[in-house]
Amino acid sequence: MKKEVAKRVQRIDTKVDKMRMRRKDTNTLKVKENVFDDATLKILYTVSNKGILNAIGGSISTGKEANVFLGEGKDGDIAVKIYRISSSTFRSMEEYILGDPRFRNVRHAKKDIIFAWTKKEHRNLTRAKEAGVRVPEPVHAERNVLMMEFLGEEGKAYPLLKDVNLDPEDAKLIFDTVIRYVELLYVKANLVHGDLSEYNIIVNPRTMEPIFIDMGQSVTLEHPKAREFLMRDIENILRFFKRYGIKEQAEDIYSSMKEIKQKTNKLS
Ligand SMILES: Nc1ncnc2c1ncn2[C@@H]1O[C@H](COP(=O)(O)OP(=O)(O)OP(=O)(O)O)[C@@H](O)[C@H]1O
Ligand SMILES: [Mg+2]
């Protein structure tokens, strides 16, 4: 048993080492920041010991705050989203803050915020799923590492909505589903995505099914800006689908959702 675990860790280690090597090659490499700092490596060991992640593979994406990798889970491919603890902006901040006794705990605080954020994304995905919204199935959150269903085939991620060629019929179908999901989130899950756009919707190219991703910033309706975020989400969607001849008004969509919400509340 121990041996097996060691083997798994070794596989993760080898992959990490490869990543490190590739880090030198800034052109091919997408991992610019220290994703695999010691703390994160430890987390990868932990989830490896728990049997959740067997190996970590190639980079799927490098974002502002997180990197997404293909991973090998218990039952096949999973997506591994790693929030970077040390971002470059934070490092320069450290220079000013470290050594100042008032901020003795700031590094700790920053970490805690990232961990809370990761957990929140996991929880938001669960909540969205329970409301009937198609999202990547959350697998596990550990510190700054979120593991979830990999949306893709044979190691290749499905495209984002922004990169899919749509005929007007598919566009209308996807649009209707996206609006239905926004409504389900709002009415059933009490959630607003908060960063919804063609960049955070994945499309299964075979079924043309839209899938919402990136829900770390999603807020509950108690949030003071929930309404503002909801309007912005709807407007982003309308802006994207305008090119396919869809010309609805954000206000109308919002009013209709609000009405349904009020009716649902009265019933319960
Ligand atoms: N479950 C998944 N399956 C396949 N690909 C995914 C999955 N989740 C994310 N991706 C890919 O990784 C990219 C980045 O993911 P995501 O949008 O969640 O983070 P992000 O935009 O980098 O976050 P931030 O900008 O806050 O750093 C997506 O655009 C998508 O291409
Ligand atoms: Mg994103």
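The rules we used
Residues numbered from 1 in each chain as written. Chains lettered and ligands numbered in written order. Predicted model: local features only at pLDDT ≥ 70, side-chain atom pairs only at ≥ 80, totals over all residues. Heavy atoms only, no water. Helix = DSSP H or I, 4+ residues; strand = E, 2+ residues; numbered from the N terminus. Contact = heavy atoms within 4.5 Å. Areas by Shrake-Rupley, 256 points an atom, 1.4 Å probe, with all protein chains shown as cover. Pairing = 2+ DSSP bridges. Axes fitted to C-alpha atoms, helices over the stretch in contact; angles between N-to-C directions. 1 Å grid on protein atoms, 1.4 Å probe; cavity = no way out; pocket = protein on both sides within 12 Å on 5 of 7 lines; lining within 4 Å. Points joined across faces, edges and corners; volume = space filled by probe spheres on them. Nonpolar A, V, L, I, M, F, W, Y, C, P; charged D, E, K, R; others polar. Domains from an automatic or database assignment. Donors = N, O, S within 2.8 Å, 3.2 Å for Na, K, Ca; no water. Buried < 20%, exposed > 50% of the residue type's maximum accessible area, 1.4 Å probe, protein only. Parallel < 35°, antiparallel > 145°, perpendicular 65-115°, else oblique. Left-handed = near helix turned anticlockwise from the far one by under 90°. Near = heavy atom within 4 Å. Polar contact = N/O pair within 3.5 Å; in protein donor to acceptor, adjacent residues only side chain to side chain. Sits in = over half its atoms within 2 Å of the grid points.

Asks: Help me out: how do you make sense of the overall build of the protein chain in this one?
Replies: Along its length, the protein chain carries seven helices and eleven strands. A separation of at least 24 residues holds for 63% of the contacts in the protein chain among residues at least 6 apart in sequence. Accessible area for the protein chain stands at about 15200 Å²; split by element, carbon and sulfur atoms hold 51% of it.

Asks: Help me understand the sheet that holds strand 5 (residues 145-149) in this model?
Replies: Strand-to-strand pairing in sheets goes through backbone hydrogen bonds, with the strands running parallel or antiparallel. Pairing is antiparallel in the open sheet, where five strands are placed in the order 1-2-3-5-4. Both edges of this open sheet fall to strand 1 (53-62) and strand 4 (138-142), since each of them pairs with a single strand only. Ignoring strand direction, the axes of neighbouring strands in this sheet form an average angle of 25 degrees. As paired strands, strand 1 and strand 2 (residues 66-73) are joined by six bridges and run antiparallel to one another. Pairing of serine 59 across the sheet is with phenylalanine 69, part of strand 2. Where helix 4 (residues 106-130) meets the sheet, its contacts fall on strand 3 (76-83), strand 4 and strand 5, and the angle it forms with strand 4 comes to roughly 165 degrees.

Asks: Looking at this model, I keep getting lost on the layout of surface pockets. Mind explaining?
Replies: To locate leftover empty space, one rolls a probe as large as a water molecule over the atoms. The volume enclosed by the largest pocket comes to roughly 1100 Å³. Forming the boundary of the largest pocket are 37 residues, of which Gly63, Ala66, Val68, Lys81 and Asp214 lie nearest the centre. Among the elements of the structure, strand 1, strand 2, strand 3, helix 3 (88-97), helix 4 and strand 5 are those that each provide at least two residues to the lining of the largest pocket. The biggest single contributor to the lining of the largest pocket is helix 4, with six residues. Across the lining of the largest pocket, the residue classes break down as 22 nonpolar, five polar and ten charged. Shared between two domains, the lining of the largest pocket takes at least three residues from each, and those domains are domain 1 (2-153) and domain 2 (158-267).

Asks: How should the coordination of the magnesium ion (ligand 2) be read in this particular structure?
Replies: Put simply, the ideal angle at a metal is 109.5 degrees for four donors in tetrahedral geometry and 90 or 180 degrees for six donors in octahedral geometry. Taken together, the protein donors to the magnesium ion (ligand 2) comprise Asn200 (OD1) and Asp214 (OD), at separations of 2.2 Å. With asparagine 200 in the loop between strand 8 (191-192) and strand 9 (201-204) and aspartate 214 in the loop between strand 10 (209-212) and strand 11 (219-220), this pair connects stretches of sequence that are 14 residues apart. By relative accessible area, aspartate 214 is classed as partly exposed at 24%.

Asks: Which parts of the structure should I look at to understand the packing of helix 5 (residues 168-187) against helix 7 (residues 250-267)?
Replies: At a minimum axis distance of 10 Å, the contact between helix 5 and helix 7 shows a crossing angle of 40 degrees. Considering the angle they form, helix 5 stands oblique to helix 7. Along this stretch, helix 5 crosses helix 7, giving a crossing that reads as right-handed. Here Phe175, Ile179, Val182, Glu183, Tyr186 and Val187 of helix 5 come into contact with helix 7, specifically with Ile253, Tyr254, Met257, Lys258, Ile260, Lys261 and Thr264. Residues of the contact of helix 5 with helix 7, tallied by class, amount to nine nonpolar, one polar and three charged.

Asks: Is there a simple way to think about the packing of helix 6 (residues 226-241) against helix 7 in this case?
Replies: Helix-helix packing: each pair is described by the crossing angle between the helix axes and the interaxial distance. At a minimum axis distance of 9 Å, the contact between helix 6 and helix 7 shows a crossing angle of 130 degrees. With respect to their mutual orientation, helix 6 and helix 7 come out oblique. For the element pair helix 6 and helix 7, the recorded crossing hand is right-handed. Every residue of helix 7 that contacts helix 6 at Arg227, Leu230, Met231, Ile234, Glu235 and Leu238 is listed here: Ala250, Glu251, Ile253, Tyr254 and Met257.

Asks: How should I be thinking about the environment of lysine 258 in this particular structure?
Replies: Positionally, lysine 258 belongs in helix 7. Along the primary structure lysine 258 and glutamate 183 are separated by 75 residues, whereas in three dimensions their C-alpha atoms are 9.0 Å apart.

Asks: What is the right way to look at the site of ligand 1 in this model?
Replies: The immediate surroundings of ligand 1 are formed by 20 residues, with Glu65, Lys81, Glu149, Leu151 and Asp214 found nearest. Within the contact set of ligand 1, an oxygen atom lies 2.7 Å away from a side-chain nitrogen or oxygen of glutamate 65. In the model, an oxygen atom of ligand 1 is placed 3.1 Å from a nitrogen or oxygen of the asparagine 200 side chain. Here ligand 1, which alone exposes 610 Å², has 89% of that area covered by the protein. Given that more than half its atoms are within 2 Å of the pocket grid, ligand 1 belongs to the largest pocket. Counting only elements with at least two residues in the shell around ligand 1, the list comes to strand 1, strand 2, strand 3 and strand 5. The residue makeup of the shell around ligand 1, split by class, is twelve nonpolar, three polar and five charged. Each of domain 1 (2-153) and domain 2 (158-267) accounts for three or more of the residues forming the shell around ligand 1.

In short, the description is geometric, and any link to function would need to be established separately.
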